[in-house]
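Summary of structural features
Next come the chains, spelled out residue by residue.
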Amino acid sequence: MSRGLALRTGIVGLLALAVTAAIACGAPAEQEPATSAPAASQQQQPAATQAPAAQAPAQPTATAPLAQPAGMSDRAAGGAAPTVAPAATAVPETTAGEPVQADLRVAITPPYAENLLGWRVGGTNQGMLQPMQEALFQRDYQTWEARPMLAESWSVSADGKEWTIKLRENVPFHHETDTFGVSDFVFSFQLWSHPEAKTGFGDFWHQILGPEGEMRSWEVEDAGTAATVTEVSDNEMVWNMNRPELWIPFYASEATTDPLIYSLDYWQTNGEDAYAANPVGTGPWRHVSYEQGARLEYERAFEDHWRINPDFDTLTFFFAEEDLTRVAMLRAGEADIAEIPRELQGEIVNAGYAITQSTLPAFMVWIGIGGQYLEDRRDPNDPNTNVLVRRAMNHAMDRDALNEAFFDNKMELMANTGWHPTDPSYDPAWEIPAYDPNLSRQLLQEAGYAEGSGPSIEFMAGKLVGVPELTEIAVPMISWMEEVGFTIDAQIGEFQPIRTRYKAREMNSVLWTHRTGFWPAGRNMRVYFVSPTLAGAVYMYEDPHTEDLFNKWQSSVDDQERLNLMKEAGQYMYEQNATIPLGFLFAEFGINPNVIAEYSVNNSYFGGMKGHEYTKVVRN
Amino acid sequence: MQRFIFLRAIQSVLAILVISAVVFALARVTGDPVAILLPEDASPAVVEQVRSKWGLDQPIYVQYARYIGNFVTGDFGEAWAYGGVPITELIARRLPNTIVLAGFAWLISASIALPIGVMVAVKKDSAFDWAGKVVALIGQSAPSFAIGLILMWVFAVILGWLPTSGNDAGFKSIILPGVALGYYNVAAVMRLTRSSMLEVLDTEYVKLARIKGMPERKVIWKHCFRNALIVPFTYMGLIGAVLLTGSVVIETVFVWPGLGDLAIDAIRNRDFPVIQSIVILFAAFYIFINLAVDVAYAYLNPRIRY
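Structure report, in brief. No experiment lies behind these values; they were computed from the predicted model shown.

When its secondary structure is counted, chain A shows 16 helices and 21 strands. The buried share of chain A, reckoned over its 620 residues, is 60%. Carbon and sulfur atoms make up 50% of the accessible area of chain A, which amounts to about 21,900 Å² in all.

Encoded structure:
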């Protein structure tokens, strides 16, 4: 026994040594793509100098300034919507040759709440359903222009209250016994604004199309019919809205979170539970299976989908919370696309994989200056209410250093929070606040603070999906502020306490890091920069002047007037130093260039769950 | 014995009640779940509506009484973050995965720790004994998620033998999370086995067996090991509960859709009903297994009397 034992011990020891050596020496047998990663336009270049692949691998999008997205204007976003609709988003041409792989596997951070009925969980949780469900409108991935999706054409009356929408005919749902029609839209809007819905725009839909009174949805109406929607035919409807609204092609597009189309027929035939277990939509992918917390599998729905036929036969989302797990999945060949945090991207590129970017910025990053409330919550002693203090804060920040240290210089710096240079109401004269500690000190003195005895401020920072650096960037910013005289009480950790406080409008004397998706200025105003009276949500800046401007903008139906109002609001907030603007970031993903020829869509808000019907496979 | 079991059962119910109250209170200290679970642009009207639906507008003692009242009837409530899915359904979906993982990790712990524990006792103070101590030290000192990531990197990325994560590759799926979870307990069981074996090896009947020429293999495995098993066996019972309830991090790292993974999501979302249900369930596991071990111990060791 003892000899056998010794022998076994020796084998075990050798194995242990071999494993240790393998770890210590790197990864000699590690799987790498046979072809090198793309060399073009990538700041982190692969170390290898192999020849380029025969098939062009994914070309990461450059961070060069974008062409003016006309869709950011009121008109193209639905302002005075075109009566002749533009063409649907172009279908990529089929590439010759056999696909190297039939299955597309995507490793992503999981939605924080999972449910196959999107209206029950709301927000970005619905991103995982976008392969399966479509909306009335689509935003062009390059230009942000409104495109028809399930709506084929549309027109709006002069008063902005009557919308006539012609729907695409003969679009089947996945159960194939029903085609999309007016009743499906009405039923869907009733779901979005249902009392149990957690959709961010539920109130919006109720406001414009809901019945009068407290109750919403089919609590007082039948499913599929609404007094505000006239069914001209199964494929044409007229909305008689409760108030004017010109941004319908934005609010009813797949770029926002809520307006996914559900089948009334399938719901009535099978019931809600069956819908939740095996949902259907009209999208190019059909639901196959779902393991909560682990994966969601789709397959190509139709031989010939009306909009696009995906390159891949199946699409599987793997929900991996841990960053290193997603890196391992990509490198082990278990995922073809993976969300990779910025600090690990260099390693991926060095191993021969590529990083691809969204077509448009996906995130806007800034620091909120709390306490700028209307009279009811305003504390006149709060230093944040003093514009000189806010200017001092802005000039205390070295944005270039932040960009270099944390974002690899990939962040597009921002002059005025909420306004991207491509927004029609953006003013090119706006300047990014320069890093000038002396000016900052001087401004504090002008505000009445003795040198070195600046205001006491609470600085909160919490992590948010998509921009994990939100906590890390707080550290140097706090130090810069202390350098010019501020006294900072730093609270760095989770984002939840921040959200709890701003929702309660209790952010007096507080600064906090924040990020959102890439939205038009008007949407940013509504969510961040108006009070609860105007259905604001974050209450980061409330001022009687901007409240008035936004209110007029919202009820105006004149294009030029709306543009002027939004410009004026932007200018006022710029002059008031309403926030500490930082910049815009693109969404980035690690891809296996042996499998993925192209994955570049507008990932705003939904990250790697979006647009995989446009993902192109490498072909032999 | 019956009296002992009865008293322990009463104590268990009380313990679960206390735990439920503590968890109920602590969960609410973390803040308002509505702020997390509703989209950022949800209006105040929607926020109030949801708060009312979930009973969060009621005093905390009313919320607790309602929760306990429903709980004893088997109604764990609805998962807020999962769009109102019944929690019993969520748990029923996830629990089997956790039991399979914990069971496999238990087997890993036992199959590594017991033989090595015996061998290092037999080879006391040898290089083998020393190596065993190193193995034990690593197992006790390295966090299981770190062990898990190293295993993932070596066996999935470098060697390509096993999947990195998930539960869709059959038996292969469970090997890495099972080893990562089970390895932590190897050290303790091994040390207990070693000391227990050393004690037995020093007894008169073992010396007599050797003097009478009994083969060494038979002496060790038939006479020593069986007698030395009582202490490690007791401990391994408790480990079963630890593995069942301690898989939270490993399930997250290996995308293993079990209760631990669900617990992490629930904590992140402040989904109070789910947090409470899982913690109470974990507590019940722990208490039940403790009780079972105590009872089994009494049967295994006739000297124990309650």
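Helix and strand counts for chain B stand at 14 helices and 2 strands. Of all 306 residues assigned to chain B, the portion counted as buried reaches 51%. Of the roughly 14,000 Å² of accessible surface on chain B, a fraction of 68% belongs to carbon and sulfur atoms.

Moving on, we get to the nonpolar core. Membership of the largest hydrophobic core comes to 151 residues, with the highest contact counts inside it found for Leu136(A), Phe185(A), Trp205(A), Trp239(A), Phe317(A) and Phe486(A). Among the elements that take part in this core, helix α2 (residues 182–192) of chain A stands out by supplying 7 residues, more than any other. Counting the residues that make up this core, at least three belong to each of domain 1 (70–360 + 587–617) and domain 2 (363–585) of chain A. Phe317(A) has contacts with Val106(A), Ile108(A), Met128(A), Pro131(A), Ala294(A), Arg295(A), Leu296(A), Tyr298(A), Gly608(A), Met609(A) and His612(A), leaving out every residue within four places of it along the chain. With 86 residues, the next largest nonpolar core counts Tyr82(B), Leu90(B), Met190(B) and Ile239(B) among its residues.

Any two side chains of opposite charge can pair, on the condition that their charged atoms come close. Taken as a whole, this structure holds 34 salt bridges over all chains when the rule is applied. In this structure, Arg120(A) engages Glu272(A) in a salt bridge whose closest nitrogen and oxygen atoms are separated by 2.6 Å. With Arg120(A) in the loop between β1 (103–108) and β2 (137–139) and Glu272(A) in helix α6 (residues 272–277), this pair connects stretches of sequence that are 152 residues apart. For Arg120(A), a relative accessible area of 13% puts it in the buried group. Salt bridges here are not isolated pairs; linked through shared partners, they connect Arg120(A), Glu196(A), Glu272(A) and Lys53(B).

Another aspect to go through is the interface of chain B and chain A. On the chain A side, the residues contacting the 53 residues of chain B number 61 residues. A combined buried area of about 4,800 Å² lies between chain B and chain A, and 57% of that area is made up of carbon and sulfur atoms. Three residues stand out in chain B for area buried against chain A, namely Glu40(B), Asp41(B) and Ile158(B), and they jointly supply 16% of the buried area on that side. In this structure, the connection of chain B to chain A is made through 2 salt bridges. Where Lys53(B) meets Glu196(A), a salt bridge forms, and the shortest distance between an N and an O atom there is 4.0 Å. Seen at the junction of chain B and chain A, the total is 7 residue pairs in polar contact (both at pLDDT 80 or more).

All names here are of chain A. Here the phi dihedral of tryptophan 144 falls at roughly 70 degrees; this positive angle occurs in a residue that is not glycine. Within the secondary structure, tryptophan 144 is located in the loop between β2 and β3 (146–148). Judged by its relative accessible area of 0%, tryptophan 144 is buried.

Conventions adopted
Residues numbered from 1 in each chain as written. Chains lettered and ligands numbered in written order. Predicted model: local features only at pLDDT ≥ 70, side-chain atom pairs only at ≥ 80, totals over all residues. Heavy atoms only, no water. Helix = DSSP H or I, 4+ residues; strand = E, 2+ residues; numbered from the N terminus. Buried < 20%, exposed > 50% of the residue type's maximum accessible area, 1.4 Å probe, protein only. Areas by Shrake-Rupley, 256 points an atom, 1.4 Å probe, with all protein chains shown as cover. Core = buried A, V, L, I, M, F, W, Y, C linked by side-chain atoms within 4.5 Å. Domains from an automatic or database assignment. Contact = heavy atoms within 4.5 Å. Salt bridge = Lys/Arg side-chain N within 4 Å of Asp/Glu carboxyl O. Buried area = accessible area lost by both parts, 1.4 Å probe. Polar contact = N/O pair within 3.5 Å; in protein donor to acceptor, adjacent residues only side chain to side chain.

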